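Residue-level structure breakdown
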Amino acid sequence: MSGQSNCSSLGNITCVTVRAPDLGAIEIAYTDFLGYRRTDSGTVSAGQAALWNAESMIGAPFILMCPASNSEFMFRFIEWPTDPAYVPYTTYGWSASELVVQDVDQLADNLDGSAFEIIGPPKNLSFTDDIRAMQLRGPADEILYLTQIKNLVPGLDLPSARCPVDRGFIVILAGESISRMQNFYERQFDVPEAAVLESRITVASKAFGLPLEQRYPIAALSLRDQSFIEVDEFPAAAAPRNVRLGELPPGIAIVSFQCNTAPGIVNGLQNFSGPPYQKRLAGCCRGAAGELVELLLPA
């Protein structure tokens, strides 16, 4: 997570797509407790479903929720029944979205009685007291990290929160092999290789029934625009996420990035109207952990 620029073709995390059983409950939770607002709604088009290889999702309702800062970042919640077999943080793929916030302790107090379950209370990071974070499980089985950056940290180019709960700046990816995940993003998108560290991931240890002090190999891949992908190597008990034919994965299903150029593995290039596309071409590919990566490219 260096402050230096890099040659990555991947930049801003623009959209995190989540399967959700009840859009009304999502809107209330994100509006009342995180200060997000609904900015658009609609249904999944045949073109989008084809791009994602999820033809069963055609016509599924969706809403877009954005922070009060008017940033380009948004959540896209697509209404679809819950998969009762899905347990967050036990499978490969997109595990969590990390949002930058102004006061994580105040947010923890305000979440009492909400649809968000605090699964990791606020605490300073192990390597610096200048970053403080908590973890939530949301009403659609999505995992959120809320992160307060109290002071600038040397060597880290991190965003500042412009509202109580601002944009997503990190997405967390779990897989079987940290080297394969790093190699995919380096080979396809010129993302610089990052140092591998050993770190506690309390939410994963709880999900696997492992000691809370268990350490996992992780690496923070630096993109453009103060954005990052954290790749976590999960233990042998983890497995690929179960996805029914024609559906999107449960939990966090897709992450959409702005991208300068499309590698050859990208599926199609389509022009969709409205956010998050905003006159950009859309392409899609799968990563080394089976994750769906949506690319927003210059038209």
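See the structure above.
Below or above, wherever it landed, is the structure these notes cover. Within each chain, residue numbers correspond to sequence positions counted from 1 in written order. The predicted nature of this model means local features are confined to residues of pLDDT at least 70 and side-chain atom pairs, given and counted, to a pLDDT of 80 or more, with totals for whole chains, interfaces and linings taken over all residues. In computing side-chain values, all of the structure's heavy atoms are included and hydrogens and water are not.

Between any two strands, at least two bridges found by DSSP are needed for them to pair. Secondary structure counts use DSSP, requiring at least four H or I residues in a row for a helix and at least two E residues in a row for a strand, with both numbered from the N terminus. Read from one edge to the other, the open sheet built from eight strands follows the order E2-E3-E4-E1-E13-E16-E15-E14, with strand pairing classed as mixed. Here the strands that pair on one side only, and so sit at the sheet edges, are strand E2 (37-43) and strand E14 (267-271). The average angle at which neighbouring strand axes cross in this sheet is 25°, direction not considered. As paired strands, strand E15 (residues 281-286) and strand E16 (residues 292-297) are joined by six bridges and run antiparallel to one another. The residue bridging Gly 283 from the neighbouring strand is Leu 295, located in E16. Along the sheet, helix H4 (residues 178-189) contacts strand E1 (10-20), strand E13 (252-259), E15 and E16; its crossing angle with E15, the most-contacted strand, is approximately 145°. Here the axes come from fitting lines to C-alpha atoms, over the contacting stretch only for helices, and the angles between their N-to-C directions go from 0 to 180 degrees. In what follows, a contact means two residues having at least one pair of non-hydrogen atoms within 4.5 Å.

Attention now goes to the packing of aromatic side chains. Two aromatic rings, drawn from Phe, Tyr or Trp (for Trp, its six-membered ring), form a pair once their centres lie within 6.5 Å of each other, and the interplanar angle then sorts them: stacked below 30 degrees, edge-to-face above 60, tilted otherwise. Counted according to the given criterion, the structure contains 15 aromatic pairs. On the numbers, 5.5 Å between centres and 90° between planes, the contact of Phe 208 with Phe 234 is edge-to-face. With Phe 208 in helix H5 (residues 202-208) and Phe 234 in the loop between strand E12 (228-233) and E13, this residue pair connects regions lying 26 residues apart in the sequence. Taken together, the ring pairs connect Tyr 30, Tyr 36, Phe 73, Phe 75, Phe 77 and Phe 116 into an aromatic cluster.

Two kinds of site are reported from a 1 Å grid over the protein atoms alone, namely cavities, where a 1.4 Å probe fits but cannot get out, and pockets, open sets with protein on both sides within 12 Å along at least five of seven lines, and residues are called lining when an atom falls within 4 Å of a point. Grid points are joined across faces, edges and corners, and a volume is the space filled by probe spheres set on the points. Scanning all chains against the criterion turns up one cavity of 30 Å³ or more. Considered as a void within the structure, the largest cavity measures approximately 70 Å³ in volume. Lining the largest cavity we find Arg 19, Ala 20, Pro 21, Trp 80, Pro 81, Thr 82, Asp 83, Tyr 86, Ala 140, Asp 141, Pro 250 and Gly 251. When its residues are assigned to classes, the lining of the largest cavity shows seven nonpolar, two polar and three charged. By the convention adopted, Pro, Cys, Tyr, Trp, Phe, Met, Ile, Leu, Val and Ala count as nonpolar, Lys, Arg, Asp and Glu as charged, and the other residues, Gly among them, as polar.

What follows is about the state of the cysteines. Any two cysteine sulfur atoms lying within 2.5 Å of each other are counted as a disulfide. Taken as a whole and assessed by the stated rule, the structure comprises zero disulfides. The structure places no disulfide on Cys 259, whose sulfur is separated from the nearest cysteine sulfur, that of Cys 285, by 8.5 Å.

Taken as a whole, the second largest pocket encloses approximately 250 Å³ of empty space. Along the wall of the second largest pocket there are 19 residues; nearest its centre are Arg 241, Val 243, Pro 249, Arg 286 and Gly 290. Grouping the constituent residues of the lining of the second largest pocket by class yields 10 nonpolar, four polar and five charged.

Working definition: with a 1.4 Å probe on protein chains only, accessible area under 20% of the residue-type maximum means buried, over 50% means exposed, and in between means partly exposed. Across the nine residues that make up strand E5 (residues 93-101), a large majority, nine, are buried. Across six bridges, E5 lies against strand E8 (residues 143-149) in parallel orientation. The residue bridging Val 101 from the neighbouring strand is Gln 148, located in E8.

In this structure, Glu 230 sits in strand E12. In this structure Glu 230 is buried but unpaired, with Arg 215 as the nearest side chain of opposite charge at 12 Å. In this view, Glu 230 contacts Ile 170, Val 171, Ile 172, Leu 173, Ile 218, Ala 219 and Ala 220; residues no more than four positions away in its chain are not counted. Under the counting rule used here, the positive set is Lys and Arg, the negative set is Asp and Glu, and His together with the chain ends is not counted. The term salt bridge refers to a pairing of a side-chain nitrogen on Lys or Arg with a carboxyl oxygen on Asp or Glu at a separation within 4 Å.

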